[in-house]
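Coordinate analysis (summary)
In case you want the letters, here they are:
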Amino acid sequence: MTFNESFNQISPSEFFYRNRDLAGFSNPTRSIYTSVRELVENSLDACDQNRILPNIYVTIQPTQQQKSDPKHYILTVDDNGPGIDHNHIPLAFGTVLYGSKFGLNQARGMFGLGATMAILYGQITTNKPVRVNSSIDGSNRHEYEILLDIQKNKPIIIKHSITSTKKKGLSISICLEGDYSKAGSKIRDYIYQTSLITPYASIKFHDPKGNKYNYERITKFIPSSPTIIKPHPYGIDVETLRRMISDTSYKISNVDNLMIARIKNELKMRGDVHNNYVVMKQTIKKRWPYLSSQTKTILSILLCLKLNFNQLVKIKIESIDIARNTLTYWNYEKSKSFVTQLNISSFYYKHLANEFKGDTLETFLTKQFQRVGRHTAEKFTEFAHFRPGKRIMLMTNQELVHLSDSLQKFSEFLSPDPSCLAPLGENLLEKGIAKFFNPDFVSVVQRKASAYSGFPFIVEMGVAYGGSIVNGIKLYRFANRIPLLYDESSDVVFKVINDIDWNRYKIKNESPLVIISHICSTRIPYKTVGKENVADRNEIERELKLALQFLSRKLSSYMSKKGKAAMEKKRVNLYFTYMPLIARFCTELSEKLKEPNYKKIFNELK
Amino acid sequence: MKYKENKNRILSDLLKKYGARIYNDLDNGIFPKFLIPSRSTRNIIYDKKLRQYVLGNNASMRNSKNILQLRSFTQLVWLAFFANRLIKEQKSSTLRDIYYSSQAFSIDFEDQPESDNIIVDLESVLSRPREDLHIFPEERSSVFGDLVIEYTVPGYEGKRTNLSDHPDGYLIGPSLSSAELIETSADLVIAIEKGGLFTRFIEEKVDKKFKSIIIDTAGQAPRSTRYLLRRLHDELKLPVVILTDGDVYGEHIAMVIKSGSANAAHLRELTVPDAKWLGVWASDIEKYKLPTIPMTESDIKRIHDLKKDPRYQHGIWKTELDVFLKIKRKAELEAFSKYGLTNITDKYLPQKLELAKSL
Ligand SMILES: Nc1ncnc2c1ncn2[C@@H]1O[C@H](COP(=O)(O)OP(=O)(O)OP(=O)(O)O)[C@@H](O)[C@H]1O
Ligand SMILES: [Mg+2]
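In this text the structure is predicted, and so the values were computed from the model without any measurement.

The rules we used
- Residues numbered from 1 in each chain as written.
- Chains lettered and ligands numbered in written order.
- Predicted model: local features only at pLDDT ≥ 70, side-chain atom pairs only at ≥ 80, totals over all residues.
- Helix = DSSP H or I, 4+ residues; strand = E, 2+ residues; numbered from the N terminus.
- Buried ≥ 20, exposed ≤ 12 C-beta atoms within 10 Å, placed from the backbone.
- Contact = placed C-beta atoms within 7 Å.
- Core = buried A, V, L, I, M, F, W, Y, C linked by C-beta atoms within 7 Å.
- pLDDT = per-residue confidence, 0-100.
- Axes fitted to C-alpha atoms, helices over the stretch in contact; angles between N-to-C directions.
- Parallel < 35°, antiparallel > 145°, perpendicular 65-115°, else oblique.
- Nonpolar A, V, L, I, M, F, W, Y, C, P; charged D, E, K, R; others polar.
- Pairing = 2+ DSSP bridges.
- Expected span 1.5 Å × (residues − 1).
- Arc of directions from axis to C-beta.

1. Section: the overall build of chain A
Looking only at helices and strands, chain A has 17 helices and 17 strands in total. Within chain A, buried positions represent 38% of all 606 residues. In chain A, the proportion of contacts linking residues at least 24 apart, taken out of those at least 6 apart, comes to 70%.

Take a look at the structure:
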């Protein structure tokens, strides 16, 4: 997903206005719906990640009952999740693109801006601060009121107090302009469908009109949580590749007290001796062969910059430019970055330079990508005409482009690892469907994992038929356990359902049928940031189709059985109609006086 | 014992027997069922000894337990029940009557073909023609000649009629079919395909000139007519000769009287194996210089069909068929009128009758 402008260059409000449509804040109706969604999804994500059975309580209250829509509402979402460390609260909710979910595992949140967009929207329309209450320990509760300084791009803390509590979790209240009379049905649908796809969650919703919607959990079983995994080569573009390469060389950036203690240990230095630069230099020289490579790197920087440990903690290395022999670092105290020219003849510079050439291509591939071993890496380098020993930091732009192209073209990579996905599972899905729709027939299927451009995905699908279901085919779409409510007709699932030849399965347009489709992926190919419809990717379309065909076959065999049962009933009725007639006719034919005791015969019919 | 009474008693007994079987099954909690001889083409075979088509040994089960057969089973039992009443009350009914009567007993036939079919089923089960069950088709043919019959139908019991009393002849209907054949002076039965010629024959006193009973088959002879022919032959020992148009259909009309049709393979007593086809033969067309009309496609196709029939593999049946196929022309009985209206009775008939003696 690319945004109009990166956050650093524009103010948050500008950012908001430029992206509001994409992010689902185009009008008061849509905005209040999107806000509910973003907050509920954050709560569910937080609970999932900590394997907590979610209790979520959503309220929407108007500030003035009398006024007509659109008007101001206070939206509150309260959860029993892990909460957020109070130091992070201003950052998490006062900064766009602050997110903890960039890792490659499946979560509802993706972009790190959902909550902030809602907060920004609220502030822009009502000029009221967001209230965030968080407890991470179940005893102290931090209560914040935060405004975003739109000019300076900084959170302004209006209020911060600590009270005591017995409950862990986060509660966030946003005052915003909304049109509940128009958005209400979508919000209710959203809550309803969310509890369907999250059967282990309890979700309560109190709407502005005083209506209460309670969805108790159906099961206490939380599906297994996804593992965080390395990327697959197929999903990688040049930009990502560049970032991964630079990431590999920044392992030295976090020099904290723990790290320093370790280094001192390796140097076998005691007390404050290390503050003496000369002594330290000698000790390092002496102990050099015995040091770990990480320690060697940190000490090389220390010596090149002529710093002691105390000074080292206060800076962060930003980059080392081997070509220009420069090192750029950020000084926390001075809040400024500095560029230093390095002495190329120094032993320690040479070490650093060598280190900063980075891993060999082969090592890089095996270490940074999932499911790439020595053997595959070798084959790949041969395929792409690279030396396996090629240092990645020394790659030219052109070479990087070639590398990323070749990664996409090489056909021998194993398919992506799906362990990072969190499908609901057939059992839970079926339970949810049975509970929600009370159908005569339900069948679910989870397809095996597949991948599109390097992103693994799993399709789960269920169909329910008859019972309390009203006539007409109804589709419920989910992606990463999020209900998708808007733009149904442009969604890939819709397309698949439309393409299938329902006649073959004896299904008509007016059949009482519900189809539930759930796509799980580390990267759902949404058409927009609003996360409302999934774009067609051949691989996804194929899996959806296979799932649907499988279920349709199940359904049609159920229907023909049902047809048989109806026939059976009709059959028995026929006996009741005809047997008395036969009895009557044969009585006269045989010149008997009374009819035979033919009723016995019905015992033979089950 | 008189023919009809005898017949009715046998049939009543048979119906009673079937009724009792069904009754006992029901009383014992068993789904009643019976075998119906199969009338599928595979089960229709030509019996050389009987000289007619008969049903083979294949039979299908009609089981009241089978939901697909329950309805037709009930219809069949109803028909037996209804026919039994007809026999007991000495009433007759037509195929169409049956179709409508069923409705009074909440047995509804979808259409008349369905009820007709059940009638054939019952015929097959009992091996008795529907006429015995007092069920008659609407089509009627006629008879004329010196033959005394005695009615058995209610109201006419014992009443006698001479079939030469009415110059238009007598309809071969239920009452005639069930009448006793008392006496005749005739030596011969002439069956003729066409009503027009039948009238001419009466006018020309063919009955007297040739000491014959004349029967108008009105095209393909209805069962009641074939049945009467059979009785005239069997009971009164009269030889039967047949006059038809000179075409393949005429030839087959004669054949059906002689040895039955595949449609009635489940029935005996409808054939007159000794009957002789007098003409008009294909070879007569040449011989008598008859005016002809060309055959149609369907005529020719029909010839090819009949050539496969085992009965057409020998004798005049085969030779005439071959001639028809060769000349591809046909002549009607009326064609003789070219040589005068009485030409057929004065010239053709005596010649052919003479010839028939050697057939
Ligand atoms: N209820 C909550 N409990 C705990 N942490 C939360 C909660 N809500 C938000 N967070 C944290 O705040 C971060 C920012 O949330 P935000 O909605 O802005 O982004 P996101 O969920 O990562 O991505 P998206 O833009 O797709 O929603 C989250 O990544 C998470 O770390
Ligand atoms: Mg979010």
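2. Quick notes on the nonpolar core
Residue and element names in this part refer to chain B. Counting 67 residues, the largest nonpolar core has Ala191, Ile214, Val240, Ile242 and Ile257 as its most contacted members. A per-element tally of this core places helix α9 (residues 248-259) first, with six residues. Dropping the residues within four chain positions of it, Ile257 is found in contact with Ala191, Ala221, Arg226, Leu229, Ile242, Val272 and Ala275.

3. Quick word on the confidence of the model for chain B
Looking at chain B, pLDDT values average 88 and 99% of them are 70 or higher. Two numbers describe this predicted complex: its pTM, 0.55, and its ipTM, 0.70.

4. Side note on the packing of helix α2 (residues 67-89) of chain B against helix α4 (residues 112-126) of chain B
Helix packing geometry: the angle between the two helix axes and the distance between the axes. Residue and element names in this part refer to chain B. At their nearest, the axes of α2 and α4 sit 10 Å apart, and the two run at 70 degrees to each other. Regarding the angle of α2 to α4, the classification is roughly perpendicular. Together, Ser72, Gln75, Leu76, Leu79, Ala80 and Ala83 of α2 and Ile118, Ile119, Asp121 and Leu122 of α4 make up the contact between the two elements. Here the contact of α2 with α4 is composed, by residue class, of seven nonpolar, two polar and one charged.

5. Looking at the sheet that holds strand β1 (residues 55-62) of chain A
Across a sheet, paired strands are connected by hydrogen bonds in the backbone, their directions being either parallel or antiparallel. Residue and element names in this part refer to chain A. The eight strands are arranged β5-β4-β3-β6-β2-β1-β7-β8 in an open sheet whose pairing can be described as mixed. Since the sheet does not close on itself, it has two edges, and those belong to β5 (154-164) and β8 (212-215), each with one partner. Sheet twist, expressed as the mean angle between neighbouring strand axes with direction ignored, is 15 degrees. Across four bridges, the pairing between strand β7 (residues 202-206) and β8 is antiparallel.

6. Details of the interface of chain A and chain B
Contacts between chain A and chain B engage 21 residues on the former and 24 residues on the latter. A breakdown of the residues in the side of chain A that touches chain B according to their chemical character gives twelve nonpolar, three polar and six charged.

7. Notes on the environment of A:Asp359
Residues and elements named next belong to chain A. For Asp359, the position within the fold is in the loop between α11 (347-356) and α12 (361-368). Given 18 C-beta atoms within 10 Å, Asp359 falls into the partly exposed group. Considered as a pair, Asp359 and Ile245 are 114 residues apart in the sequence and their alpha carbons are 9.0 Å apart.

8. With respect to the sheet that holds strand β10 (residues 170-171) of chain B
Residues and elements named next belong to chain B. An order of β10-β7-β13-β12-β14-β15 is seen for the six strands of this open sheet, with the pairing classed as mixed. Only two strands of the sheet have a single neighbouring strand rather than two, namely β10 and β15 (276-279). Bridging between strand β7 (residues 142-144) and β10 involves two bridges; their strand directions are antiparallel. From the neighbouring strand, Ser142 faces β10, where its bridge partner is Leu171. In the packing of helix α13 (residues 343-356) onto the sheet, contacts are made with β14 (240-243) and β15, and the angle to β15 comes to roughly 145 degrees.

9. Overview of helix α12 (residues 315-327) of chain B
Residues and elements named next belong to chain B. Between its first and last C-alpha, α12 extends 19 Å over 13 residues, near the 18 Å set by a 1.5 Å rise per residue. Residues Trp317, Glu320, Leu321 and Phe324 constitute the buried set of α12. Each buried residue of α12 lies within a common arc of 105 degrees when the element is viewed along its axis, so the set occupies one face. Exposed side chains of α12 directed beyond 90 degrees from the buried face belong to Gly315 and Lys326. Against the buried residues of α12 lie α9, α10 (282-287) and α11 (297-306).

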